Amino acid sequence: MNHQTSIAAQPALENIPTGSIPQHHVGCPRCGLSLSIPTIVPGDQAQCPRCHQHLVRVEKYPLDTPMAYASASLMIMIIVYSQLYMIVDMFTLHVDLTLPYMLSSLAQQDYSFLAEVMFLLTFGSPLLFLLLCLYVYIGLYYQQVLPGMLYATRTLVRLRHWIMVDVFFIATLVAYIKIIGMAQIHFGLAFWLMMVLAILLIRTSQGVPEHWIFYQIQTLTGNDPTLIKHSEHTVSCNYCLFEQPAAQNICGVCGSFLSRRKPLSLRISMAFLLSAIILYIPANLLPMMITRSPNSNLASTILDGIEYMWKDGDILIAIVIFSASMAIPILKIISMLVLLYSAAYKPLMSPAKLTILYRITESIGRWSMIDIFVVIILMSVFTSPLAKVTPGAATVYFCGVVILTMVSALSFDSRLLWDEAKKTHHPYRRRKRHQL
Ligand SMILES: [Zn+2]
Ligand SMILES: [Zn+2]
């Protein structure tokens, strides 16, 4: 049964092109399956035959492509953060919005928490991610081990989840539909380039395979992590996937903490989830946005906002905000409860289905930030005494819900689902033995 990898061809060892990884053993980070993957040459990818998790995907030009994408992203990012984002004309008011202006107006009006969240998710994380990418790839390009290269790689991998330029772009479109009835809006160069930046960041992130990078760094130091074969005395690293002696505490390839399963994963994940559930109550009861005008002072909760939009005929926005602010957090909380119960007690579905559920849960959570970003944009636009928007207390709680559910999902070790299924049904035991 040739089920160990999606790659068909395996070149002879002496013909392996540079930038390849020879045949070696890895552990799937999603389902825990130990498998041997054949030589990975540039342009190849390997995925787990059991849960279909991508294990490694190497670009055809493994050094040039990520460096080109990262450099282009960095240049576009400089333009996005220095040019006009949006021009708003309303009554006698004319507002030229730039992204730094939005941040400074948040900070000046004592909403520094929101300013920090926006700064980190739309500027800090992507900038650090790109700089670390370039740093690591410059080291690989010049065949030099630069100081802290392993740490830089581990950090850039973790930063991927916290880049939300694409979410901010979609939030701008939602805000645009909300504002268009009251004001004239023109988009600046920064807005259009933000769409390009969002796409480039996704592409850069896809083109930076940590498994391959860690291997390349190790070969520069004269080590070959592919020499360690799977056995009962080895454990595969959660982060770089290479097999390591089980007696070690720290992975010799990537420098992460080494364990068969993430320690206390279920308890940590549950603790974050419970905190998110608690914060979700004030996030819904307290006002999300306060709209002030000479005649009225309107505080609206998330649900009020959706209702106003629906009644005003902005059904599309009502659906977007409902999905981002109500449906996704609730579904995410329910999914995490199902996953935690399945891993701790009894699987409620097959491990394959639970893994798909986990993958969806992990990837959709960030989209809940749409509503927060919409409030930030509206607040930057409506600053005059005639119409002023300020964020309500719910924004802080809601940010907490989004971040805590994301951390809860990231802390969860999905391999426990397969462990539990094996204990209760034994459906995979024979297959796994065969593969080993
Ligand atoms: Zn797998
Ligand atoms: Zn490792």
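Residues numbered from 1 in each chain as written. Chains lettered and ligands numbered in written order. Predicted model: local features only at pLDDT ≥ 70, side-chain atom pairs only at ≥ 80, totals over all residues. Heavy atoms only, no water.

A tally of regular secondary structure across the protein gives 15 helices and 13 strands. Over its C-alpha atoms, taken along the principal directions, the protein stretches across nearly 75 × 50 × 35 Å. Taking all 436 residues of the protein together, 53% fall into the buried category. For the protein, long-range pairs separated by at least 24 residues make up 69% of all intrachain contacts whose partners lie at least 6 apart in sequence. Looking at the protein as shown, the accessible area adds up to about 19,500 Å², and 64% of this sits on carbon and sulfur atoms. (Helix = DSSP H or I, 4+ residues; strand = E, 2+ residues; numbered from the N terminus. Buried < 20%, exposed > 50% of the residue type's maximum accessible area, 1.4 Å probe, protein only. Contact = heavy atoms within 4.5 Å. Areas by Shrake-Rupley, 256 points an atom, 1.4 Å probe, with all protein chains shown as cover.)

Moving on: the coordination of the zinc ion (ligand 1). Coordination sphere of the zinc ion (ligand 1), protein contribution only: Cys 28 (SG), Cys 31 (SG), Cys 48 (SG) and Cys 51 (SG), at 2.2 to 2.3 Å. Each of the four donor atoms bound to the zinc ion (ligand 1) contributes to angles spanning 100 to 117 degrees, and the resulting shape is tetrahedral. When the donors of the zinc ion (ligand 1) are listed by position in the chain, the intervening gaps give C-x2-C-x16-C-x2-C. On the criterion of sequence distance, the pair formed by Cys 31 in the loop between β1 (24-27) and β2 (34-37) and Cys 51 in the loop between β3 (45-47) and β4 (54-57) is long-range, its members being 20 residues apart. (Donors = N, O, S within 2.8 Å, 3.2 Å for Na, K, Ca; no water. Tetrahedral: all angles 85-135°; square planar, octahedral: opposite > 155°, others 65-115°.)

With that settled, the discussion passes to the coordination of the zinc ion (ligand 2). Listed as protein donors to the zinc ion (ligand 2) are Cys 237 (SG), Cys 240 (SG), Cys 251 (SG) and Cys 254 (SG); their distances from the metal cover 2.3 Å. Around the zinc ion (ligand 2), the four donor atoms sit at angles spanning 103 to 117 degrees, and that spread fits a shape best called tetrahedral. The sequence pattern describing where the donors of the zinc ion (ligand 2) fall on their chain is C-x2-C-x10-C-x2-C. A single burial state applies to Cys 251 and to Cys 254, both of which are buried.

Tallying each qualifying case throughout the model produces eight salt bridges. Between Arg 261 and Asp 419 there is a salt bridge, with the nearest N and O atoms lying 2.7 Å from each other. Remark: Asp 419 occurs in helix α14 (residues 415-424) and Arg 261 occurs in the loop between β9 (243-245) and α8 (265-285); sequence separation between them is 158 residues. Accessibility expressed as a relative area gives 25% for Arg 261, which makes it partly exposed. Linking Glu 307 and Lys 311 is a salt bridge whose minimum nitrogen-to-oxygen distance equals 2.9 Å. Placement of both Glu 307 and Lys 311 in helix α9 (residues 302-311) is noted, with a separation of four residues, approximately one turn of the helix. For Lys 311, a relative accessible area of 63% translates into the label exposed. If you follow the salt bridges from partner to partner, you end up with Arg 57, Glu 59 and Arg 203 in one network. (Salt bridge = Lys/Arg side-chain N within 4 Å of Asp/Glu carboxyl O.)

Before going further, it helps to spend a moment on the packing of aromatic side chains. This model, assessed by the stated rule, comprises 15 aromatic pairs. Judged by centre distance (4.5 Å) and plane angle (55 degrees), the ring pair of Tyr 81 and Phe 123 falls under tilted. Placement of Tyr 81 in the loop between α1 (64-80) and β5 (86-90) and of Phe 123 in helix α3 (residues 112-141) is noted, with a sequence separation of 42 residues between them. We classify Tyr 81 as buried; its relative accessible area is 11%. Here the aromatic residues Tyr 85, Phe 168, Phe 169, Tyr 176, Phe 187, Phe 191, Trp 192 and Phe 373 are joined through ring pairs into a cluster of three or more. Above the plane of the ring of Tyr 239 lies Arg 158, whose end atom (NZ or CZ) is 5.0 Å from the centre. (Phe/Tyr/Trp six-rings, centres within 6.5 Å; stacked < 30°, edge-to-face > 60°. Lys NZ or Arg CZ within 6 Å of the ring centre and 35° of its normal.)

Looking now at the domain arrangement of the protein. Taken domain by domain, the protein holds domain 1 (62-223) and domain 2 (264-428). Placing the centre of domain 1 and that of domain 2 at their C-alpha centroids yields a distance of 22 Å. Roughly 3,200 Å² is buried in total at the junction of domain 1 and domain 2, and carbon and sulfur atoms are behind 83% of that figure. Connecting domain 1 to domain 2 are one salt bridge. (Domains from an automatic or database assignment. Buried area = accessible area lost by both parts, 1.4 Å probe.)

In terms of nonpolar packing, the biggest core is built from 131 residues, with Tyr 85, Leu 99, Met 118, Phe 168, Met 369 and Phe 373 touching the most fellow members. Looking at this core element by element, the count peaks at 13 residues for α3. Looking at which domains feed residues into this core, each of domain 1 (62-223) and domain 2 (264-428) gives three or more. Beyond its immediate chain neighbours, meaning those up to four positions away, Met 118 contacts Leu 99, Met 102, Leu 103, Leu 106, Phe 123, Phe 168, Phe 373 and Ile 376. (Core = buried A, V, L, I, M, F, W, Y, C linked by side-chain atoms within 4.5 Å.)

This part takes up the sheet that holds strand β12 (residues 383-384). Spatial strand order, β11-β10-β13-β12: four strands in an open sheet with antiparallel pairing. The sheet terminates laterally at β11 (297-300) and β12, the two strands that pair on one side only. Of the pairings in the sheet, the one linking strand β10 (residues 289-292) to strand β13 (residues 387-391) comprises four bridges and is antiparallel in character. Note on β13: the bridge partner recorded for Met 289 is Pro 391. (Pairing = 2+ DSSP bridges.)

Within the secondary structure layout, Thr 390 lies in strand β13. A distance of 3.1 Å separates the side chain of Thr 390 from the side chain of Arg 292, its partner in a polar contact. Dropping the residues within four chain positions of it, Thr 390 is found in contact with Gln 109, Tyr 111, Met 289, Ile 290, Arg 292 and Met 379. (Polar contact = N/O pair within 3.5 Å; in protein donor to acceptor, adjacent residues only side chain to side chain.)

Moving on: α3. Look at α3: 40 Å from first C-alpha to last across 30 residues, which is about the 44 Å you get at 1.5 Å a residue. The largest bend in α3 comes to about 45 degrees, at Leu 120. Of the residues one or two after α3, Gln 143 is the one with positive phi, at around 55 degrees. (Expected span 1.5 Å × (residues − 1). Bend = angle between axes of the 7 residues up to and from the residue.)

Before going further, it helps to examine the environment of Leu 264. Of note, Leu 264 is situated in the loop between β9 and α8. On the accessibility criterion, Leu 264 (54% relative accessible area) is exposed. Along the primary structure Leu 264 and Phe 412 are separated by 148 residues, whereas in three dimensions their C-alpha atoms are 9.1 Å apart.

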